[in-house]
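Structure at a glance
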Amino acid sequence: MKKQLLLVALTFLTTLGFSQSNVPNGNLENWYNVPVSGSLNYDQTGTDPGDNWLNTLNELLAVPFPLGPGPVTIFKTDDVHSGSWAAKCVSAQFGPPVNVFIPGMLGTATLDMAGARALVGRGCNSCRPVYLKGWYKFTPVNGDSASAVLLVSKWNSTTKKRDTIGFGKQVFKNEVSTYTEFTVTMDYTYPSSGLESDSITLLTVASAGFSVINFMGGVGQPGNTLYIDDLMLGYPAGIEQTLMPDVAVKVYPNPAKDVITIELSEQVKEGTLEVYTMDGKMVTTYSVNEIKNSLPVYSLANGSYYFKLKDGKQVLNTGSFIIKR
């Protein structure tokens, strides 16, 4: 009975969780602490619940007695490739009284405890990255493996399912004791690859035997440890979009019509915003020297655009927005 109750609380549904922006700033340089009760608390990525685009399953700590509390599987760590903080993902066993394997997952998977489900993915209109790149270390247990996954898809209103537009996966099998670069290359040869995407799913998982269909169906070894830092998405024409920026950026409204606001987490002395089309052509630049910068975009045609936030020649952050009138 207890296992059935936990299944109701934790079963993964392949429901898409949409964000208001295209690909926003998943920022491992910022973490905030979430108190549960008494001495129980956990760290979560981002600056607040509206900013943690790269999410964790740490909310399982809030599962009440007698089933919980659940394990914390993602930890803020100063063992980094660059910057101040990275993510340490550790697989764990939930239980007793119930024994459920928790894979240690960082990415676009958000637990919805009240709705008895998890939302997998983020809204990303016309999103078509060609690779996911990052840095990792890995310590396996009993031959287990870890993985990084990137999926681009579109909702099919006829079949009531998601059509896969592009998919990429890399499995980490061997121990890697120093930070090493990895690249997940996307495959766009699926039958639905000609469609325009509406979502993206990014998962880095400390045990490769996870199931996004049935969370209870995951298998693996507790103690698998995967360090993740400096993730970025690569696009055609050499555009790279960092997911762990030095300066966080909020873009609104998105889609925009005539004016868009670029809000920075801190002031940039020589800030400029370079705007590019989907094929990598730079179309305009703006000065962004304030925390909040209102920029006229009435001259931009409808469509999706990428931007680079720069301080002089240094790229601080990248992102995207849509013009729709």
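Refer to the preceding data block for the structure.
Residues numbered from 1 in each chain as written. Predicted model: local features only at pLDDT ≥ 70, side-chain atom pairs only at ≥ 80, totals over all residues. Heavy atoms only, no water.

1. Looking at the nonpolar core
- Residues Leu106, Leu132, Tyr136, Phe172, Phe182, Ile200 and Leu226 are the most contacted members of the largest nonpolar core, which totals 35 residues.
- Going through the elements one at a time, strand S4 (86-90), strand S11 (131-139), strand S12 (146-156), strand S13 (161-172), strand S14 (176-185), strand S15 (199-205) and strand S16 (225-234) are the ones with two or more residues in this core.
- Those residues in contact with phenylalanine 172 that lie beyond four places of it in its chain are Tyr136, Phe138, Ser145, Ala146, Ser147, Ala148, Phe182 and Leu226.
- Counting residues in each nonpolar core, the second largest holds 21 residues, with Val251, Leu295, Val297 and Phe307 among its members. (Core = buried A, V, L, I, M, F, W, Y, C linked by side-chain atoms within 4.5 Å. Buried < 20%, exposed > 50% of the residue type's maximum accessible area, 1.4 Å probe, protein only. Helix = DSSP H or I, 4+ residues; strand = E, 2+ residues; numbered from the N terminus. Contact = heavy atoms within 4.5 Å.)

2. A few points about the sheet that holds strand S21 (residues 282-287)
- Across the sheet, 4 strands lie side by side as S21-S20-S23-S24; this open sheet has antiparallel pairing. Here the strands that pair on one side only, and so sit at the sheet edges, are S21 and strand S24 (314-323). Across this sheet, the average inter-strand angle for adjacent strands is 25°, counted without regard to direction.
- Two strands pair when backbone bridges link them, and strand S20 (residues 271-276) and strand S23 (residues 303-311) are joined in this way by 6 bridges, in the antiparallel orientation. Residue pairing for S23: valine 275 is matched across the bridge by phenylalanine 307. (Pairing = 2+ DSSP bridges. Axes fitted to C-alpha atoms, helices over the stretch in contact; angles between N-to-C directions.)

3. Remarks on the sheet that holds strand S22 (residues 292-296)
- One open sheet holds the 3 strands; their spatial order is S18-S19-S22, and the pairing between them is antiparallel. Where the open sheet ends on each side, the last strands, each with one partner, are strand S18 (249-252) and S22. Between one strand axis and the next, the sheet turns by 20° as a mean value, whatever way the strands run.
- Examined bridge by bridge, strand S19 (residues 259-264) and S22 share 5 bridges and lie antiparallel to one another. Bridge assignment links isoleucine 260 to a residue of S22, and that residue is leucine 295.

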